[in-house]
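Architecture and fold: a report
Here is what each chain is made of, one letter per residue.
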Amino acid sequence: MPVPIHLHPTAPLAERALLPGDPGRALLLAQALLRDPKMFNHHRGLWGYTGTAADGEALTIQSTGMGGPSAAIVISELAELGARRLVRVGTCGALVASLGLGDLLIVNEAIAGDGTSRALGAGGRVPADPELLYALGAAGGDGVRRGPVVSTDLFYSESPEAVERWRAQGALAVEMETATLFALAQRLEHVQAACALIVSDLLLGERVRIAEEELREAEHRIGELALAGLWHAA
């Protein structure tokens, strides 16, 4: 892949990057975490920004879009351009009562319930990079939950039967991109990947969605957590 097809860089890429799915979250995190952010990409609506973080080092924040196929394209092109440490900062639906709206969850492994990670060769589960996982855990302390999630292809697929099956497999939450990120990082040379998620939905019983104001506050917290994790891993 000599020239990226879907990312059209208009600013330098940092070796470390945060990967929200939502382009709006990429903008919010760029405004909150970067000094003098410059738009890295706007092609196909996949907004990305590069600037200087609070530790004085460069950081890129690049949205991946929704689902494994879009994430796989963005992650592959970022790696080709030189990204080396990737932390997904996304949202998830809680499968256990001990997680509440706005809670943060550090992912130690993803259950490959999606087609993209399986096409990449993932077996039943794919782990986070141990170094980045440890660094995120150190940054989060005792107040941030850690555990497995399941990645799936369909946002509105949480039937009671699916929820019970995922719970039986040990998943604390469900989302759409983490298994793809972890599977790709295993295939790519010199790429480390980790993930932290905001609980945006409760899926036991009737679905409950987080309020927008609460989500914005959690987005700031997850950005700070991910950046602190990258500091610990440096």
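Calculation notes
- Residues numbered from 1 in each chain as written.
- Predicted model: local features only at pLDDT ≥ 70, side-chain atom pairs only at ≥ 80, totals over all residues.
- Heavy atoms only, no water.
- Core = buried A, V, L, I, M, F, W, Y, C linked by side-chain atoms within 4.5 Å.
- Buried < 20%, exposed > 50% of the residue type's maximum accessible area, 1.4 Å probe, protein only.
- Helix = DSSP H or I, 4+ residues; strand = E, 2+ residues; numbered from the N terminus.
- Contact = heavy atoms within 4.5 Å.
- 1 Å grid on protein atoms, 1.4 Å probe; cavity = no way out; pocket = protein on both sides within 12 Å on 5 of 7 lines; lining within 4 Å.
- Points joined across faces, edges and corners; volume = space filled by probe spheres on them.
- Nonpolar A, V, L, I, M, F, W, Y, C, P; charged D, E, K, R; others polar.
- Expected span 1.5 Å × (residues − 1).
- Phe/Tyr/Trp six-rings, centres within 6.5 Å; stacked < 30°, edge-to-face > 60°.
- Polar contact = N/O pair within 3.5 Å; in protein donor to acceptor, adjacent residues only side chain to side chain.
- Salt bridge = Lys/Arg side-chain N within 4 Å of Asp/Glu carboxyl O.

**Notes on the nonpolar core**
Grouped together as the largest cluster of nonpolar side chains are 39 residues, with contacts concentrated most on L86 and F182. Going through the elements one at a time, β1 (16-19), α2 (68-81), β5 (85-94), β6 (104-112), α6 (178-187) and β10 (192-202) are the ones with two or more residues in this core. Discounting chain neighbours no more than four positions away, the residues touching F182 are V107, E109, A110, V126, P127, A128, A193, A194 and C195. Core analysis: the next-biggest nonpolar cluster, separate from the first, contains 31 residues, A196, I198, A218 and I222 among them.

**Remarks on empty space enclosed by the protein**
Scanning the model with the defined rule gives one cavity of 30 Å³ or more in all. In terms of lining, the largest cavity is formed by L19, T64, A71, I75, R88, E177 and L181. For the lining of the largest cavity, a count of residues per class yields four nonpolar, one polar and two charged.

**Concerning the layout of surface pockets**
Empty space among the atoms becomes apparent when a probe as large as a water molecule is rolled across them. Empty space within the largest pocket amounts to approximately 420 Å³. Contributing to the lining of the largest pocket are 25 residues, with M66, T91, F155, M176 and E177 lying nearest its centre. Only α1 (23-33), β5, β9 (173-175) and β10 provide two or more residues apiece to the lining of the largest pocket. When the residues that make up the lining of the largest pocket are grouped by side-chain class, the tally is nine nonpolar, seven polar and nine charged.

**A short note on the side chain of T60**
Mapped onto the elements, T60 comes out in strand β4 (residues 58-62). Excluding residues that lie within four positions of it along the chain, T60 makes contacts with P12, L13, A14, R16, A17, L18, F40, Y49 and T50.

**Comments concerning helix α7 (residues 212-233)**
Between its terminal C-alpha atoms α7 stretches 31 Å, which fits the 32 Å expected from 22 residues at 1.5 Å a residue. Of all the residues in α7, the buried ones are L215, A218, E219, I222, G223, L225, A226, L227, A228, G229, L230 and A233.

**Here we look at the packing of aromatic side chains**
Per the counting criterion, the structure on display carries one aromatic pair. Summarising the aromatic geometry, the rings of F155 and Y156 are spaced 4.8 Å apart at their centres and angled 85° between planes, so their arrangement reads as edge-to-face.

**Observations regarding helix α4 (residues 130-140)**
By the burial criterion, the buried members of α4 are L132, A135, L136, G137 and G140. On its buried face, α4 is in contact with β5, β6, β8 (145-151), β10 and α7. Of the residues flanking the start of α4, the one acting as N-cap is D129, its side-chain oxygen 3.1 Å from the backbone nitrogen of E131. Of the residues trailing α4, G141 is marked for its positive phi of about 70°.

**With respect to the pattern of salt bridges**
By the definition in use, this model includes twelve salt bridges. Its salt-bridge partner being R16, residue D55 comes within 2.7 Å of it at the nearest N-O pair. Of this pair, D55 sits in the loop between β3 (48-52) and β4 while R16 is found in strand β1, placing the two residues 39 residues apart along the sequence. Looking at D55, the relative accessible area reads 31%, which means it is partly exposed. For R216, the salt bridge is made with E212, and the minimal N-O distance between the two is 2.7 Å. One end of the pair, R216, and the other, E212, are both in helix α7, four residues apart, so they sit about a helical turn from each other. Each member of the salt-bridge network shares a partner with another, and the members are R25, E212, R216 and E219.

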